[in-house]
Amino acid sequence: MASLFSRLGDLFERAVANLKVLDQALNGLEGSYVELLTVLALGLLAVIPVIVPERHRQRYRLANQLFGIAIFIFVIYTCLGVFGMIRNFHRGLSEIGRENIVALYYCSVPATILVTSMIFGPTFCGWICPTGALQELIGRIFGRWHRGRKRCGHPFSWKLLAMALAVTAIFLGWMAYLSATRVFFVEDASIYWSEVLVILLLVLVWRMGAWDARLRRLRVLSFAIIVAAAIASLRITSPVHFGFNKVYDPASVLATVMVALAALVVPHVWCRYLCPWREAIAWAAKHSARRLATDPAKCTHCGKCADVCGVDAVADGKVDPRECHMCLKCVDNCPTKAIALKEDWKPMP
Amino acid sequence: MSENGRLSAFGLRPSEQRSPGSPAVSASPRPRVPASAPLLELCSLELKLGAFRLGPVSLSLAAGDYLVLLGPSGCGKTSLLKAIAGFHPTAAGQLFVEGREAAGLPVHRRGIGYVSQAADLFPHLDVAGNVRFGLAYSRLSPLEKLERFDRIVELVGLEGLLDREPATLSGGEARRVALARALAVSPRLLLLDEPLGMLDKQARPEMLETLKRLHAELGTATVHVTHEREEAWAVGARAAVMRAGRVEQLAPVGELFRRPATRFVAEFLGGANVLAARFEARPDGGARAVLDWGGFDLAGAPGFSEGWLLIRPEHVALAALGEKGAFAATVRSVSDRGSHVEAVFEAGGGNILRAHLVAQDGAGLEAGGSVALRLTSTPHAIAGDVRG
Amino acid sequence: MNERSGKRLRLLVAGALLAGHVANYAIQALLGHLHPIGFLRELLGSGKVDDHELFQMLLLAANLALGPALISGRGNLMLGAGSMFLILAHAWVGVRVVPDPLTSGAALVVNILVLYVGTRLSERLPAKHLAAFAASYFALFFIFVEIKWGFLIPALKGRTGMGNAEPLFLLFVMGLCACARSWRLLAWFWAVTVSFTFLQPYAWESAVVLCFIVAALFGARGALRSPTALVFLGVGLALAGLVLFPVVAAIMGESPQNLGNILGDERIQKAVGRTLVTATASTLFLVALAVPLAYALARLHFPGRSLLLAAIDVPIVIPQSVAGLALVRVFGAGQPLGGVIENVFGVRFDGTLWGVCLAQVFVAMPFIVKAALAAFESVPVELELSARTLGASPWNAFRRVALPLASRGIFLGAVLAWARAAGEFGALLFIASNSEVETAPVLAWNLFGSVGSAQAGPLVAVLLGFSLAMFFLLQLATRTLPRPAVAQNADATAAAQRAEATA
């Protein structure tokens, strides 16, 4: 059993190492300004949602998300998942004036994401974020798990509860196995994140939609924890982190599995309840110039926008900028075109 | 409760007119407390508060009485009240409570409730805690304390407020709580300092009703200080008018109004015409008041030759020319008040006479016109120095 | 007519730019700098292309797409023409200024962003915003580029350690673009930028302080909309920043691991524990005596009252060393009073915890007496008199009315006194500074003397964090105590005003 796992791990490691074909060519620390590519790529973010043909906008979005996964896996090393991004942003800011290239290397992605969010809204979340894309793909593939549900959470069912308990049992078993066979990553708090996800899953099975709004406050906590950890230079790896790093990182794999499983039950579970960057982006995009505006005269209160929204950001035609991912599904599905992208350049408070 | 019953509850007695400063002797109609001594008696009480001297004041109050202390701001009403409560030391004279000298008693042994102008609720306690505060020091059994608390809360109508914080109460509510707090300990005497002051107009009648009801139910002897004469009419049976630290007159309110003892009382109570006059004895034993522009018969001999004549405006009426007792006057101004017409006349010698006329009489009046007037009731003579 | 002239203008401008770009590409190709044929052959063949050729081709393609779109009447002319111009400019000079096509491309994106934000600002917002945007842009240019290159002021050249700062310039300009719409955001932006460029060794600390100042200035609200008050607030915040900065720097300057290690040291644990115990004991002693004193001072007038009030401040006024010496002279072993106390009660002061408490009581006394006095003075006498009329004896009136109402102020005073006692150092040096009884502040001094400031640093951070945490916790606890009777009176006054208004 153990040898099987270690062999699987080796195989995985080798596969990942082979995937990074551009490793040498784009080494940012050696004076080539490769990290500026993110500026280019994310600069495109500002334009793509508005220049692609409206009729097929969601298809372009899917393509863009796949492109995003590719970009993050092959090119951008500094991101290292959402937690690593915060940690490295902290490190990068500290390096300004000392090692400017290192600073650029670590700051370019987070700074670009924040800046685009402040001007063009949370486009990053809906159009490029690999974690979000992963969850959305799972939602697309296993869409029938979500069917028949308008709000987050299912009505209580024994089947679902049994499934959640089974997931928890498997998870805890795996944890027990991991901790018995190796020196466990103490600092590797992804385990704890996955644990939170498991608990969340259980809560959702029981309390369902009733706690949705309250659970979303976990994001603030998550942000605070990650920032504190960044300051204390603790390493906390996030889901999908293993995709960026050549380090064999079982905790990150585990967390990714948990995110994927939880996304079966609740669409965008990670973005809704746990993503610290979502909190930062929501803050940055609170007064973004480009935003979704509803024309109340045109709105027929048909509820279609709320149906299609994956993060329950739309209620009765009104878009909540704290939750919106700018996926523009509500815009594309509105029968009366009541919701539209607007540019609002009035003076901010 | 019937009107008579209410009057007796207020300790209303036949009218009695006194010169200022003389002690009022009262006999309680309610045998609640042994009637041997009055509940409260001030004998030439004097206070010294910095430069301000108050008194000598003599007053007495029987158990169950309701006395209104009336006077303009700064006349020493509140200081007198505080002296009775024991906040100020007395400078001279005696203060008896139930026949015992009280000047040396500390405040908490006097058994006198006091409700200050600002209500002074304890801000750290809720309403129930405020009302219950004094019960801790009463000799009642715990069960009796509970009953007392419930009774007072019900009487004052605080049921909905018990767990509110004082800071959240309106002015009227705070005053009611303070009242309940003071009454909960069953004081022998209740002192109210401007209980209607700082309340808005809507809250005043309500508060007055509460005061009346509480007095009727509990029969606590009360001294009520105010500068609003309407309050005296509304709630008090007897009233004392104070001026510059002295009591000018103590009498039932009706008498204060109709038969004021001094010009100050007459003018403070307001509205009436107060005119300088000479008084002459008539051969038939009656008396006659002589003014510049006419003379009026008085009910009895006033006992002085110079003074003031009080003519109430509602006692002035239009007369036919040549009627007995009629006098001529010029109309200065007329204003219709709905229930009556208020007219200002100029009688001879530039004397101004205000009158309240019934509506149909007043309808025909025009400013500048000449009319004949008469008095429908004998005027009241007041002693006093006319030249001053 | 107007529409036609507009169309003609579009044709003219976009056409000229398009022609210019094509001409530029052609000239470079003719001069042999670019090889479009070879590029295409490589692209279709091996797929490996020269990135310079690729970049030039992409720029040409971009303008070939933008130009016709503009001419056909789509898009904002100013924005479109500006973008075309920028693309052309990058195609022309790009590689000569920046090291590689990637950087040039990033610079192009940022330049277009600047153009876009500038256009929007000039169209939709007051001119002040555009001016601030431009000024900020040049300031950033100055900080990141000019100081190194000395374009404009050659004397400045090389006067900074900011090597390779040009790409950072792009990042900061992006930040500026995001923040230019709002004065508040612009202030935040500059607070962060100044912290991370000029104040770099203390960047995080100064960012915390500056952001606090910005938040306070831009969050300031008041009935009196007075710029004077705002300016005063700024001045006051500068002072507060001066005080805050060392505190924040001392706490943030240490790594968490160091702090953890420090807390594990037995000597330090003991010193901190000792500080807690002695400061608490001293505070309890002070409360027991200061509350009666303060009540008496608040309620009585007696000869010598003002003298006593002034005397209470003596421990604040005199230097701590003098206080320590005075204590030793009176209570020290062998001194008259100290000797008597030692003989009679068996309590020795110097070098013992008794001495620590004595010094703490001495220095902390004014804080609690003053606070309790103010607290009792804020309790209206009328409330106590009301309690008396309800049958409460003077003691009960104090216990049930004055004390609860003053408790908040007394508690706050006790917190201050506790903090002062726990932080006492000067007087302690004289009376009890040996390592058996050293408190945390004395330990910091002893460590500083023996191992220097670098080693004492983590301890200082721990002490600071610890005292601040205690202080704020106690402050929070104070909120649960009753408030002084202000609200009620205000209510009564309002009612009175209403009554007057209706009368």
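Check the entry above for the structure.
Rules of the game
- Residues numbered from 1 in each chain as written.
- Chains lettered and ligands numbered in written order.
- Predicted model: local features only at pLDDT ≥ 70, side-chain atom pairs only at ≥ 80, totals over all residues.
- Heavy atoms only, no water.
- Helix = DSSP H or I, 4+ residues; strand = E, 2+ residues; numbered from the N terminus.
- Buried < 20%, exposed > 50% of the residue type's maximum accessible area, 1.4 Å probe, protein only.
- Areas by Shrake-Rupley, 256 points an atom, 1.4 Å probe, with all protein chains shown as cover.
- Salt bridge = Lys/Arg side-chain N within 4 Å of Asp/Glu carboxyl O.
- Contact = heavy atoms within 4.5 Å.
- Buried area = accessible area lost by both parts, 1.4 Å probe.
- Nonpolar A, V, L, I, M, F, W, Y, C, P; charged D, E, K, R; others polar.
- Expected span 1.5 Å × (residues − 1).
- Arc of directions from axis to C-beta.
- 1 Å grid on protein atoms, 1.4 Å probe; cavity = no way out; pocket = protein on both sides within 12 Å on 5 of 7 lines; lining within 4 Å.
- Points joined across faces, edges and corners; volume = space filled by probe spheres on them.
- Core = buried A, V, L, I, M, F, W, Y, C linked by side-chain atoms within 4.5 Å.
- Pairing = 2+ DSSP bridges.
- Polar contact = N/O pair within 3.5 Å; in protein donor to acceptor, adjacent residues only side chain to side chain.
- Axes fitted to C-alpha atoms, helices over the stretch in contact; angles between N-to-C directions.

K.L.:
How would you summarise the overall build of chain A if you had to cite specific residues and measurements?
P.N.:
Scanning chain A from terminus to terminus reveals 16 helices and four strands. Burial statistics for chain A: of 349 residues in total, 56% are counted as buried. If you sum the accessible surface of chain A, you get close to 15,300 Å²; carbon and sulfur atoms cover 67% of it.

K.L.:
Now, about the pattern of salt bridges: what can you tell me, with residues and values included?
P.N.:
Pairing is possible between side chains that carry opposite charge, provided their charged atoms lie close to one another. Taken as a whole, this structure holds 28 salt bridges over all chains when the rule is applied. Residues Arg322(A) and Glu279(A) are paired through a salt bridge, measuring 2.3 Å at the closest nitrogen-oxygen approach. One end of the pair, Arg322(A), is in the loop between β3 (318-319) and α16 (329-333); the other, Glu279(A), is in helix α14 (residues 276-284), with 43 residues separating them in the sequence. Accessibility expressed as a relative area gives 10% for Glu279(A), which makes it buried. Note that Lys77(B) is salt-bridged to Glu194(B), the shortest N-O span being 3.9 Å. Of this pair, Lys77(B) sits in helix α2 (residues 77-85) while Glu194(B) sits in the loop between β7 (189-193) and α6 (203-218), and the two are 117 residues apart along the sequence. Bridged by salt links that share partners, the residues Arg216(A), Arg219(A), Glu279(A), Arg322(A) and Glu323(A) form one connected network.

K.L.:
Outline the interface of chain C and chain A, supporting the account with residue identities and numerical values.
P.N.:
Taken together, the contact pairs 39 residues of chain C with 38 residues of chain A. Here chain C meets chain A over a buried area of about 3,400 Å², counting both sides, of which 73% is carbon and sulfur. Of all residues in chain C, the largest losses of buried area upon contact with chain A belong to Leu102(C), Arg181(C) and Trp204(C), amounting jointly to 20% of the total for that side. Where chain C packs against chain A, one counts one salt bridge. For Glu343(A), the salt bridge identified is with Arg120(C), shortest N-O distance 3.2 Å. Contributions of two or more residues to the side of chain C that touches chain A are made by α5 (101-124), α7 (166-179), α8 (183-197) and α11 (256-264) of chain C. A per-element tally of the side of chain C that touches chain A places α5(C) first, with twelve residues. For the side of chain C that touches chain A, the class distribution of residues is 25 nonpolar, nine polar and five charged.

K.L.:
Let's hear about helix α3 (residues 51-71) of chain C: which residues, and what values?
P.N.:
Residues and elements named next belong to chain C. With 21 residues, α3 should reach 30 Å at 1.5 Å per residue; the first-to-last C-alpha distance of 30 Å fits that figure. Within the sequence span of α3, burial applies to Glu53, Phe55, Gln56, Leu59, Leu60, Asn63, Gly67 and Leu70. Buried positions in α3, seen along its axis, are confined to an arc of 160° and lie on one side of it. Exposed positions of α3 whose direction lies more than 90 degrees from the buried face are Leu58 and Ala65. Following α3 by one or two positions, Gly73 has its phi on the positive side, about 100°.

K.L.:
I'd like to hear about the layout of surface pockets, residue by residue, with values.
P.N.:
Here the second largest pocket defines a volume of roughly 1,200 Å³. Taken together, 33 residues line the second largest pocket, and the ones lying closest to its centre are Phe89(A), Leu93(A), Leu114(A), Trp283(A) and Val192(C). Looking at the lining of the second largest pocket, the elements with two or more residues in it are α4 (81-95), α5 (100-120), α11 (218-231) and α14 of chain A together with α7, α8 and α9 (203-219) of chain C. Broken down by class, the residue content of the lining of the second largest pocket amounts to 29 nonpolar, three polar and one charged.

K.L.:
I'd like a rundown of the environment of Leu275(B), residues and numbers included.
P.N.:
Residues and elements named next belong to chain B. Positionally, Leu275 belongs in strand β11 (residues 273-281). Overall, Leu275 belongs to the buried group, its relative accessible area being 7%. Sequence-wise, Leu275 and Asn351 are 76 residues apart; in three dimensions their C-alpha atoms are separated by 7.9 Å. Once residues lying within four places of it in the same chain are set aside, the contact partners of Leu275 are Leu291, Trp293, Gly307, Trp308, Leu309, Ile311, Asn351, Ile352 and Leu353.

K.L.:
Give me the lowdown on the nonpolar core, citing residues and values where you can.
P.N.:
By size, the foremost hydrophobic cluster in this structure holds 98 residues, and its most contacted members are Ile119(A), Leu292(A), Leu113(C), Val117(C), Leu140(C) and Phe144(C). In contact with Leu113(C), other than residues within four places in its own chain, are Val115(A), Ile119(A), Phe120(A), Met174(C) and Cys177(C). Counting 47 residues, the second-largest nonpolar core is a separate cluster that includes Phe149(B), Ala184(B), Leu192(B) and Leu218(B).

K.L.:
Give me the lowdown on the pairing of strand β3 (residues 66-70) of chain B, citing residues and values where you can.
P.N.:
All names here are of chain B. With five of five residues buried, β3 lies mostly within the body of the structure. Residue alternation in β3 divides its side chains into two sets, Tyr66, Val68 and Leu70 and Leu67 and Leu69, and both sets are buried. As defined by bridge partners, β3 adjoins strand β8 (residues 221-226) across five bridges and the pair is classed as parallel. Bridged to Val68 within β8 is His224. With four bridges joining them, β3 and strand β9 (residues 238-243) adopt parallel strand pairing. Looking at the pairing, Leu67 lines up with Arg238 of β9.

K.L.:
Quick one: what's the story with the side chain of His108(B), residue by residue and with numbers?
P.N.:
Residue placement: His108(B) occurs in the loop between β5 (100-101) and β6 (112-115). Engagement of the side chain of His108(B) in a polar contact is seen with the side chain of Arg388(C), the distance being 3.3 Å. Filtering out sequence-adjacent residues up to four positions away, His108(B) remains in contact with Arg388(C), Gly391(C), Ala392(C), Ser393(C) and Pro394(C).

K.L.:
Can you lay out the sheet that holds strand β2 (residues 52-61) of chain B for me, pointing to particular residues and giving the numbers?
P.N.:
Adjacent strands of a sheet form backbone hydrogen bonds with each other and so pair up, either parallel or antiparallel. All names here are of chain B. Spatially, the four strands line up as an open sheet ordered β2-β1-β4-β5, and their pairing is antiparallel. This sheet does not close on itself; its edge strands, each paired only once, are β2 and β5. In the packing of α2 onto the sheet, contacts are made with β1 (40-49), β2 and β4 (92-97), and the angle to β1 comes to roughly 115°.

K.L.:
For α6(B), give the residues involved together with the corresponding values.
P.N.:
All names here are of chain B. For α6, with 16 residues, the first-to-last C-alpha span of 22 Å sits near the 22 Å given by 1.5 Å per residue. The set of residues buried in α6 consists of Ala203, Met207, Leu208, Thr210, Leu211, Leu214, His215 and Leu218. The buried residues of α6 occupy an angular sector of 160° when the element is viewed end-on, so they sit on one face. Looking one or two places after α6, you find Gly219, whose phi comes out positive at around 65°.

K.L.:
Account for the sheet that holds strand β10 (residues 246-252) of chain B, with residues named and values stated.
P.N.:
Residue and element names in this part refer to chain B. Taken in spatial order, the six strands make up an open sheet running β6-β7-β8-β3-β9-β10, and their pairing is mixed. Two strands in the sheet have a free side with no partner beyond their single neighbour: β6 and β10. Looking at each pair of strands side by side, their axes are set apart by 15° on average, direction ignored. Here α2 sits on the sheet in contact with β3, β6, β7, β8 and β9, set at roughly 150° to β7. Where helix α5 (residues 171-184) meets the sheet, it contacts β6 and β7, and its direction lies at approximately 170° from that of β6.

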